[in-house]
Amino acid sequence: VTGRFFSSDLLCRFGDAPPVPSSFSNASHASCVAPPSLAAGALNGIGSVALAVSANGGADWSPEGPTFAYVTMPSVNKVTPLRLAATHEPQELYMDVDDASLLTSCRIGSVVGFVSKTSPSKATCAIS
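Residues numbered from 1 in each chain as written. Predicted model: local features only at pLDDT ≥ 70, side-chain atom pairs only at ≥ 80, totals over all residues. Heavy atoms only, no water.

Enquirer: What's the story with the pairing of strand β2 (residues 20-26) in this structure? I'm lost.
Expert: Consecutive side chains along a regular strand alternate between the two faces of the sheet. Of the pairings in the sheet, the one linking strand β1 (residues 11-14) to β2 comprises two bridges and is antiparallel in character. Bridging from a neighbouring strand, Cys 12 pairs with Val 20 of β2. Hairpin connection, β1 to β2: the antiparallel pair is bridged by five residues, and Gly 15 has positive phi, about 55°. In this sheet, strand β3 (residues 29-32) lies alongside β2 in antiparallel orientation, the contact comprising four bridges. Each residue of the ladder has a partner; that of Asn 26, found in β3, is His 29. (Pairing = 2+ DSSP bridges. Helix = DSSP H or I, 4+ residues; strand = E, 2+ residues; numbered from the N terminus.)

Enquirer: What is the right way to read the environment of Leu 11 from this model?
Expert: Secondary-structure assignment places Leu 11 in strand β1. Leu 11 sits in the buried class, given a relative accessible area of 18%. Setting aside chain neighbours within four positions, we find Leu 11 in contact with Pro 19, Val 20, Pro 21, Ala 52, Val 53, Ser 54, Gly 57, Gly 58 and Trp 61. (Buried < 20%, exposed > 50% of the residue type's maximum accessible area, 1.4 Å probe, protein only. Contact = heavy atoms within 4.5 Å.)

Enquirer: In this structure, what is going on with the nonpolar core? I would like to understand it.
Expert: For soluble globular proteins, the rule of thumb is that nonpolar side chains tend to be buried together. Among the nonpolar cores identified, the biggest contains 14 residues, and Cys 12, Phe 14, Ala 40, Val 49 and Tyr 70 are the most heavily contacted of them. Elements with a minimum of two residues in this core: β1, β3 and β4 (47-54). With three residues, the single largest contributor to this core is β4. Each residue touching Cys 12, except ones within four places of it in the same chain, is listed here: Val 1, Pro 19, Val 20, Ser 22, Cys 32, Leu 51, Ala 52, Val 53 and Trp 61. (Core = buried A, V, L, I, M, F, W, Y, C linked by side-chain atoms within 4.5 Å.)

Enquirer: What's the story with the pattern of salt bridges in this structure? I'm lost.
Expert: One side chain can pair with another of opposite charge once the charged atoms of both are near each other. Within this structure, the stated rule accounts for one salt bridge. Here Lys 122 makes a salt bridge to Asp 96, at a shortest N to O gap of 2.7 Å. Taken as a pair, Lys 122 in strand β10 (residues 122-127) and Asp 96 in strand β7 (residues 91-97) lie far apart in primary sequence, 26 residues in all. (Salt bridge = Lys/Arg side-chain N within 4 Å of Asp/Glu carboxyl O.)

Enquirer: Where do I start with the packing of aromatic side chains in this structure?
Expert: Summed over the entire model, instances satisfying the criterion amount to two aromatic pairs. On the numbers, 5.1 Å between centres and 80° between planes, the contact of Phe 14 with Phe 68 is edge-to-face. One end of the pair, Phe 14, is in strand β1; the other, Phe 68, is in strand β5 (residues 67-70), with 54 residues separating them in the sequence. Put simply, the rings of Phe 14, Phe 68 and Tyr 70 pair up and form one aromatic cluster. In this structure, Arg 13 packs its charged tip against the face of Trp 61, placed 4.3 Å from the ring centre. (Phe/Tyr/Trp six-rings, centres within 6.5 Å; stacked < 30°, edge-to-face > 60°. Lys NZ or Arg CZ within 6 Å of the ring centre and 35° of its normal.)

Here you go:
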């Protein structure tokens, strides 16, 4: 969440869900873990809900302007190869997925890779 005048007791409210505490970064940046989509009021678990913040324990809330989107998660059907070498050289994983348009990144353990969409149902994850 980006804004102004944030403090360490910043709360975030996603739609109809109860407020959640933030991980305070600085006076203009904080992180909030979104609650489950149905708790926030997203229809069928997918959709956008209003996002509001409070810097005084929930007594006052920001105007509800920005929205937070709950989206369908892509389903991975097959990954090849099933093993990667323990090396510092770049490597690629090939994925068969339900909808490659939903992919924005990939991760193997703690390593984040770059996604290339090769077709509507195929993608490559480059790990370096």
